[in-house]
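# Topology and contacts: notes
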Amino acid sequence: MSGCPFGHTDADAERPSEAAAVVNSREAADGGAASTAESRRSGVSLKGVSRRGLLSLAGVGGAGAVAGLAAGFLGHDALNAAAASATDTSTGEAVVPFFGEHQAGITTPAQDRLHMAAFDVTTEDRKELIKLLKDWTAAAESMTTGQPTGRTGAVDGPYDAPPEDTGEALDLAAAKLTLTFGFGVGLFEKDGKARFGLEGRRPEALIDLPHFPGDDLQPGRTGGDIVIQACADDPQVAVHAIRNLARIGFGKVRVRWSQLGFGRTSSTSRAQVTPRNLFGFKDGTNNLKVEDNALLDEHVWVSSGPAGEQWMTGGSYLVARRIQMHIEIWDRTSLREQEGLIGRTKGVGAPLSGGDEFSTPDFAMAGRNGDPLIPMDAHVRLAHPDQNNGVRMLRRGYNFTDGSDGLGHLDAGLFFIAFVKDPRTHYVPMQLTLAKSDTLSVEYLKHTGSGLFAVPPGVQAGGFIGEGLFA
Ligand SMILES: C=CC1=C(C)c2cc3[nH]c(cc4nc(cc5[nH]c(cc1n2)c(C)c5CCC(=O)O)C(CCC(=O)O)=C4C)c(C)c3C=C
Ligand SMILES: [Fe+2]
């Protein structure tokens, strides 16, 4: 446990006034998210009416409607009414476009839920890998628009064959699903040998991450040749997406690890309210946001690189760290010490130097006893750009709880995700500093999983994920 080295002599006088601080209203933030999608997964396909659609029609128009449909009497209006009725319009209809200059799921306002999976590629056949990436592209485009995978989906295929979609998202809206793909070192080489004809194509920034002090990485939660990040406002939509991509990859890839997350721990847009992590602190206040175009170019998007790396232009690097938080110890730590460890107030999220949540921290400001109000080992001081050569990162993590650690504690924490232009400059030095000097990291955190992935640029209609790599 930390010995409370901060020496605040009169906490009440020196703490910023929580009452005076500006707190965003949740309604204001949510009100801007207009629903753009039409009814999805209606059960009424273009080719006809599915089994579930028929049941829905019975609900709308009664048995007569079903009989009428069966006799071919129902027009478009009736079909649309049935479709609207069959769709749950209560939540999460919005569709985030899959195609674009950059992959979705990076600057997309962080959704509520995560399912991330890393795969080992088991085939050694380049053509098979390309075919898989094409199949994944088609399925991703379908699912992100709220449609099932495959031509026949979950219930319209041959009765004696397994359905092309697993079906658990049939009645659910698109829920802002995004699918973001990245490539790990293992896709490029294995046991010192290049794979899939990708000699010379591994970007220099796709390093093997070094061991950091305090790392306790589990092999089953670390690495992977391909990662897929599914984010959505509905957990079942995110899980359905990963499950179907894994199903499509059967025989070519196998899941190495997967992680569920809830309660986003970052805001990535100024329209979003700042959420809280499992330590109860607002997380994401000083994050890079979608509105920060120039900063995103400087810190997140890969710009034109050396020959052989052009395929990464417009892409980014995804750092994933599964960080177990010792919440039982934290819960026995005083509020004063908690705030000192972070460097911000717990209620409002204001810097301990004063102001409101978005005030600039004054790291030089001292309290009555002459000590800095934001302690020298506070997390926000050590992670601030001023202490890190000016670098920023786009954080996009999620809370997790995965049952018990077997020793009577919750296995809970923060699944840290960050997108950076170059992990050598924008992640490794900061992680080293935190692992050595950040009392929060040293005493309350343990890194149990890790991954670094090259995230290619966005896909254009007719293209496929990472096609530049195979050109
Ligand atoms: C290597 C990078 C980082 C790791 C790992 C990390 C873990 C981690 N952070 C918190 C809680 C907070 N972090 C906050 C700010 C913050 N953290 C990082 C980087 C890492 N955090 C950065 C770059 C920043 C922003 C610093 C700045 O510019 O001011 C905050 C304050 C609110 C905010 O700005 O987001 C909190 C709270 C936990 C609990 C954690 C691991 C479990
Ligand atoms: Fe942090």
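Residues numbered from 1 in each chain as written. Chains lettered and ligands numbered in written order. Predicted model: local features only at pLDDT ≥ 70, side-chain atom pairs only at ≥ 80, totals over all residues.

Where an unreviewed UniProt entry is consulted, the chain appears under the name Deferrochelatase, with the organism given as Paenarthrobacter aurescens. Under the UniProt heading Catalytic activity (unreviewed entry), the note attached to the chain is "heme b + 2 H(+) = protoporphyrin IX + Fe(2+)". In the Sequence similarities (unreviewed entry) part of its UniProt record, the chain is described as follows: "Belongs to the DyP-type peroxidase family." (UniProt positions renumbered as here; feature names shortened; annotations may be inferred.)

### Side note on the site of ligand 1
Lining the immediate surroundings of ligand 1 are 27 residues, of which Phe281, Thr285, Asn286, Ala383 and Leu414 lie closest. Of all the secondary-structure elements, those providing two or more residues to the shell around ligand 1 are β9 (316-325), α11 (379-383), β12 (410-420) and α13 (428-437). Grouping the amino acids of the shell around ligand 1 by side-chain chemistry returns 14 nonpolar, nine polar and four charged. (Near = placed C-beta within 6 Å. Helix = DSSP H or I, 4+ residues; strand = E, 2+ residues; numbered from the N terminus. Nonpolar A, V, L, I, M, F, W, Y, C, P; charged D, E, K, R; others polar.)

### Describing helix α5 (residues 126-144)
Its 19 residues place the ends of α5 27 Å apart at the C-alpha level, agreeing with the 27 Å of an ideal helix rising 1.5 Å per residue. Residues of α5 that are buried make contact with β3 (113-121), β4 (178-183) and α7 (235-248). Phi turns positive one or two residues past the end of α5, at Gly146, with a value near 90°. (Expected span 1.5 Å × (residues − 1). Contact = placed C-beta atoms within 7 Å.)

### Focus: the UniProt feature "domain: Dyp-type peroxidase C-terminal" (unreviewed entry) in the chain
What UniProt calls "domain: Dyp-type peroxidase C-terminal" (unreviewed entry) maps, in this numbering, to residues 274-459. Helix makes up 24% of residues 274-459 and strand 22%, and the two end C-alpha atoms of the span are 30 Å apart.

### With respect to the environment of Leu278
Note that Leu278 resides in the loop between β8 (253-264) and α8 (293-299). Considering only alpha carbons, one finds Leu278 and Ala412, 134 residues apart in sequence, at a separation of 8.1 Å. Not counting residues within four places of it along the chain, the set of residues in contact with Leu278 comprises Met325, Ile327, Asn399, Ala412, Gly413 and Leu414.

### Concerning the UniProt feature "domain: Dyp-type peroxidase N-terminal" (unreviewed entry) in the chain
UniProt's feature table lists "domain: Dyp-type peroxidase N-terminal" (unreviewed entry) at residues 103-262, given in the numbering used throughout. Span residues 103-262 is 23% helix and 22% strand, its end C-alpha atoms 21 Å apart.

### Digging into the confidence of the model for the chain
Confidence in the prediction for the chain averages 84 pLDDT; 80% of positions are at 70 or higher. Overall, residues 1-91 carries pLDDT values under 50, and its contacts beyond four positions in sequence, including any with other chains, amount to 131 contacts. This complex was scored by the predictor with a pTM of 0.84 and an ipTM of 0.99. (pLDDT = per-residue confidence, 0-100.)

### What to know about the environment of Arg368
Take Arg368: it is sitting in the loop between α10 (335-342) and α11. Separated by 101 residues in sequence, Arg368 and Leu469 have C-alpha atoms that sit 59 Å apart.

### Let's talk about the packing of α5 against α7
As a packed pair, α5 and α7 sit with axes 10 Å apart at the nearest point and diverge in direction by 155°. Here α5 lies roughly antiparallel to α7, going by the angle between them. Along this stretch, α5 crosses α7, giving a crossing that reads as right-handed. Across the interface between the two elements, Asp135, Trp136, Ala139 and Met143 from α5 touch Ala241, Asn244, Leu245 and Ile248 from α7. Each residue belonging to the contact of α5 with α7 can be placed in one class, and the counts come to six nonpolar, one polar and one charged. (Axes fitted to C-alpha atoms, helices over the stretch in contact; angles between N-to-C directions. Parallel < 35°, antiparallel > 145°, perpendicular 65-115°, else oblique. Left-handed = near helix turned anticlockwise from the far one by under 90°.)

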